[in-house]
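Summary of structural features
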Amino acid sequence: MKAITKRSWAEPYKMKMVELLKMTTRQQRLKAIKDAGFNTFLLNSEDVYIDLLTDSGTNSMSDRQWSAFMTGDEAYAGSKSYFILEETIQKYYGYKYVVPTHQGRAAENILSQILIKKGDIVPGNMYFTTTRLHQELAGGTFVDVIIDEAHDPLNEHPFKGNVDIVKLEKLVKKHGAKKIPYVCVATNVNMAGGQPVSMANLKELRAFTKKHGIRIIHDMTRVAENAYFIQQREKGYEKKSIQQIVKEICSYTDGATMSAKKDALVNIGGFMAINDWDVFEEARNLVVVYEGLHTYGGLAGRDMEAIAVGIVESLDDNHQRARVGQVLYLGQKMLEYNIPIVKPIGGHGIFVDAKAFLPQLSQDQFPAQTLAAELYIDSGVRTMERGIVSAGRKPNGENYYPKLELVRFTIPRRVYTQAHMDVIAESAAAVYDKRKSIKGLKMVYEPKYLRFFQARFERLK
Ligand SMILES: *Cc1c(COP(=O)(O)O)cnc(C)c1O
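Each chain has its residues counted from 1, following the order in which its sequence is written. Totals for whole chains, interfaces and linings use all residues, but because this is a predicted model, local features are given only for residues with pLDDT of at least 70 and pairs of side-chain atoms are given and counted only at 80 or more. To obtain the side-chain values, all non-hydrogen atoms of the structure were included, while hydrogens and water were left out.

Details of the packing of helix α8 (residues 223-233) against helix α12 (residues 317-336)
In contact at an axis separation of 10 Å, α8 and α12 are set at 90 degrees when each is read in the N-to-C sense. The pairing of α8 with α12 is recorded here as roughly perpendicular in orientation. Here Ala224, Glu225, Tyr228, Phe229 and Gln231 of α8 lie close against α12, whose contacting residues are Asp317, Gln320, Arg321, Arg323 and Val324. Asp, Glu, Lys and Arg are counted as charged, while Ala, Val, Leu, Ile, Met, Phe, Trp, Tyr, Cys and Pro are counted as nonpolar; the rest, among them Gly, fall into the polar class. Split into classes, the residues belonging to the contact of α8 with α12 amount to four nonpolar, two polar and four charged. Only the stretch in contact is used when fitting a helix axis, every axis being a line fitted to C-alpha atoms; angles between N-to-C directions are given from 0 to 180 degrees. Helix and strand definitions here come from DSSP, where helices need a minimum of 4 consecutive H or I residues and strands a minimum of 2 consecutive E residues; each element is numbered from the N-terminal end. Between 65 and 115 degrees an angle is taken as roughly perpendicular, under 35 as roughly parallel, over 145 as roughly antiparallel, and anywhere else as oblique. Residues count as neighbours in contact if any of their non-hydrogen atoms are within 4.5 Å of one another.

Section: the pairing of strand β12 (residues 406-410)
Burial within β12 is extensive, with five of its five residues counted as buried. To sort residues, take the accessible area from a 1.4 Å probe on protein chains only and compare it with the maximum for the residue type: under 20% means buried, over 50% means exposed, and anything in between is partly exposed. Every second residue of β12 is oriented toward a common face, with Leu406, Arg408 and Thr410 on one face and Val407 and Phe409 on the other, all of them buried. Between any two strands, at least two bridges found by DSSP are needed for them to pair. The pairing of strand β9 (residues 349-353) with β12 spans five bridges and is antiparallel. Bridged to Gly349 within β12 is Thr410. With three bridges joining them, strand β11 (residues 384-386) and β12 adopt antiparallel strand pairing. Bridge pairing in β12 places Met384 opposite Arg408.

Brief notes about the sheet that holds β12
Pairing between the strands of a sheet is mediated by backbone hydrogen bonds and can be parallel or antiparallel. Strand order in this open sheet of three strands is β9-β12-β11, and the pairing throughout is antiparallel. The outermost strands of the open sheet, each flanked by one partner alone, are β9 and β11. Strand after strand, the sheet turns through a mean of 35 degrees between neighbouring axes, direction not considered.

Some thoughts on unusual backbone geometry
Omega for the peptide link from Lys343 to Pro344 comes to -10 degrees, which places this bond in the cis form. Tracing the chain through its elements places Pro344 in the loop between α12 and β9. With phi around 55 degrees, Phe38 is a residue other than glycine that occupies positive phi space. Along the polypeptide, Phe38 turns up in the loop between α1 (26-35) and β1 (50-51). Taking the relative accessible area as the measure of exposure, Phe38 reaches 5% and is therefore buried. The residue Phe366 is not glycine, and still its phi comes out positive at about 55 degrees. Examined against the element boundaries, Phe366 turns out to sit in the loop between α13 (354-357) and α14 (367-379).

Some points on the site of the ligand
Taken together, 14 residues sit near the ligand, with Arg105, Asp219, Arg222, Ser259 and Lys262 positioned nearest. Lys262 has a polar side-chain atom sitting 2.8 Å from an oxygen atom of the ligand. Coverage of the ligand by the protein amounts to 95% of the 370 Å² it exposes when considered alone. Cavities and pockets are defined on a 1 Å grid built over the protein atoms alone: a cavity is a set of grid points where a 1.4 Å probe fits but cannot escape, while a pocket is an open set with protein on both sides within 12 Å along at least five of seven lines, and lining residues are those with an atom within 4 Å of any such point. Throughout, a molecule is located in a cavity or pocket provided that more than half of its atoms lie within 2 Å of its grid points. A majority-of-atoms criterion places the ligand in the second largest pocket. Counting only elements with at least two residues in the shell around the ligand, the list comes to α4 (104-115) and α5 (129-137). Looking at the shell around the ligand residue by residue, the class counts come to one nonpolar, seven polar and six charged. Definition of nearness: a residue and a molecule or strand are near each other if at least one heavy atom of the residue lies within 4 Å of the molecule or strand. In protein, a polar contact requires one atom able to donate a hydrogen and another able to accept it; more generally it is a pair of N or O atoms within 3.5 Å, and residues adjacent in sequence count only if both atoms are side-chain atoms. All accessible-area figures derive from a Shrake-Rupley calculation using a 1.4 Å probe, and residue coverage is judged against the displayed protein chains alone.

Focus: α14
End to end, α14 covers 19 Å across 13 residues, agreeing with the expected 18 Å (1.5 Å per residue, within 8%). Counting buried positions along α14 yields 12 of 13 residues, so the element is predominantly enclosed. Considered for burial, the residues of α14 that qualify are Pro367, Ala368, Gln369, Thr370, Leu371, Ala372, Ala373, Glu374, Leu375, Tyr376, Ile377 and Ser379. Positive phi shows up at Gly380, right after α14, with a value of about 80 degrees. Residue count minus one, scaled by 1.5 Å, sets the expected span of a helix.

Here we look at the packing of helix α6 (residues 165-175) against helix α7 (residues 199-212)
Where α6 contacts α7, the two axes come as close as 11 Å, and the packing angle between them is 15 degrees. Considering their axes alone, α6 and α7 lie roughly parallel with respect to each other. Of the two elements, α6 crosses α7, and the hand of that crossing is right-handed. Contacts between α6 and α7 involve Ile165, Leu168, Glu169 and Val172 from the former and Asn201, Glu204, Leu205, Phe208 and His212 from the latter. Whether a crossing is left-handed or right-handed is set by the direction in which the near helix is turned from the far one by less than a right angle, anticlockwise for left-handed and clockwise for right-handed.

Considerations on the environment of Asn285
With respect to the helices and strands, Asn285 occurs in helix α10 (residues 277-290). Here Asn285 falls in the exposed class, since its relative accessible area comes to 55%.

What about the side chain of Gln65?
Topologically, Gln65 is positioned in helix α2 (residues 63-70). Judged by relative accessible area, Gln65 falls into the buried class, the value being 0%. Leaving out residues up to four positions away in the same chain, Gln65 has contacts with Ser60, Ala264, Leu265, Val266, Ala306, Val309, Gly310, Glu313 and Arg414.

Side note on α4
The end-to-end C-alpha separation of α4 is 16 Å, in line with the 16 Å expected for 12 residues at 1.5 Å each. Counting buried residues in α4 gives 10 out of 12 residues, a clear majority hidden from the surface. Taken residue by residue, α4 has Gly104, Ala106, Ala107, Glu108, Asn109, Ile110, Leu111, Ser112, Ile114 and Leu115 as its buried positions.

What about the domain arrangement of the protein?
Domain start and stop positions are those given by an automatic or database domain assignment. The domains assigned to the protein are domain 1 (26-55 + 317-459) and domain 2 (63-314). Listed by partner, the interface residues are 32 residues for domain 1 and 40 residues for domain 2. A quick way to say it: buried area is the sum, across both parts, of accessible area lost when two parts are put together, with a 1.4 Å probe. For the pair domain 1 and domain 2, the two sides together bury roughly 2900 Å², of which 55% comes from carbon and sulfur. A pairing counts as a salt bridge when a side-chain nitrogen of Lys or Arg comes within 4 Å of a carboxyl oxygen of Asp or Glu. Counting every contact that joins domain 1 to domain 2 gives five salt bridges. We note a salt bridge from Glu225 to Arg323, for which the minimum N-O separation is 2.8 Å. For the pair domain 1 and domain 2, the interface holds 16 residue pairs in polar contact (both at pLDDT 80 or more). For the side of domain 1 that touches domain 2, the element with the most residues is α12, which contributes six residues.

Here you go:
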């Protein structure tokens with residue numbers, strides 16, 4: 001008999017219903033990826049075994065959320081479900097005014113149009129695709145002010161999402177505070193690999209922006225995952241609950257955009273929140289143009305009910321421990337196979353360093369796009385590119401050449417089991433074993449906006 005040396009944890013939920021998956025052969029997958037132009041976004045989800053394309057809108061809702069669906073008030077105006085959502089956001093995040101939207105980018109559109117004037121500079125802790133595009137469409141220029149460590153996949157800084165205040169100070173000196181409508185701060189920075197911002201950094205940023213009269217707008221899409229890392233890593237927060245930490249994070253910002261499809265555990269939804277009445281007034285007007293009346297903003301009453309319940313569930317300490325714990329489990333497995341991944345392991349997925357995985361490919365041969373296609377062919381696991389294809393082109397038409405060329409294995413919340421994580425890690429290891437024989441891709445179709453969604457590729461001979 002072996003003595004017990006460890007005690008495992010498990011998910012704080014059990015399954016009441018299951019969704020059956022189609023199993024495919026290698027031959028079928030090869031045909032499917034060719035038909036999809038070697039772009040995993042263009043695969044039929046039916047042909048996918050384990051879907052790690054995104055954690056956006058792919059979460060499992062709880063029995064309580066499904067029950068809340070039934071109590072949704074579908075009135076066109078003044079829906080009770082809106083007031084429940086508003087009250088939940090006020091209580092747990094602390095923002096004063098709320099405008100629901102159909103998802104995060106709709107909130108970004110409205111907020112960018114209100115706050116950004118032509119020629120403005122919008123600093124942020126690394127770009128996000130839709131966020132930057134809305135800033136640019138409103139006439140602004142995004143400037144990255146994340147700390148340098150975030151661009152180094154091997155650097156193990158515990159808070160790689162932090163804003164570099166010196167970079168920000170230089171921007172203010174160069175352009176003047178009047179040209180900077182707000183600093184956009186994302187929590188648990190998606191494009192850096194799900195890396196957190198520290199509370200100390202947020203406090204420092206608040207003091208700096210206050211001095212210059214600049215707002216902070218919070219991209220709070222993954223605020224609860226960020227709070228978990230603060231609880232685990234930042235002195236003074238070990239004993240605080242996720243709920244307390246999230247409220248404190250929000251208190252250092254003036255407003256927020258939220259994609260509820262991530263942290264808030266729903267399949268669709270988002271909102272804009274703001275403490276400034278005047279901005280709220282304008283947002284309430286604009287939302288009618290793009291989304292719907294300000295008490296539903298493109299959502300059904302039942303959606304708002306499910307978001308309200310999801311927000312509360314996302315702030316449960318046991319939920320976050322299991323959520324991030326599953327991601328850490330997969331990351332550890334990959335490290336055991338020597339697969340080059342971004343470290344520290346992030347909150348919502350594993351980011352494989354495709355430049356290190358396929359060093360024989362130049363960035364113009366799309367190493368991350370290539371690797372994502374190879375993984376699909378190997379096992380039916382669907383991942384996605386976060387590199388030169390996602391980065392797109394500058395307003396002047398030149399390609400962005402991001403330092404990071406990553407394949408993202410994003411884990412939906414409460415959807416897959418630990419056994420699925422084993423299958424994923426083993427598939428990545430199998431592709432790693434034959435990495436030397438892998439050739440790159442060439443782009444044969446490029447859409448104008450957010451090209452990664454619909455671009456098509458062919459294999460290089
Ligand atoms: C997903 C996401 C958005 C956009 O939200 P959508 O709901 O997809 O429109 C904005 N910022 C971040 C960091 C995101 O991850």
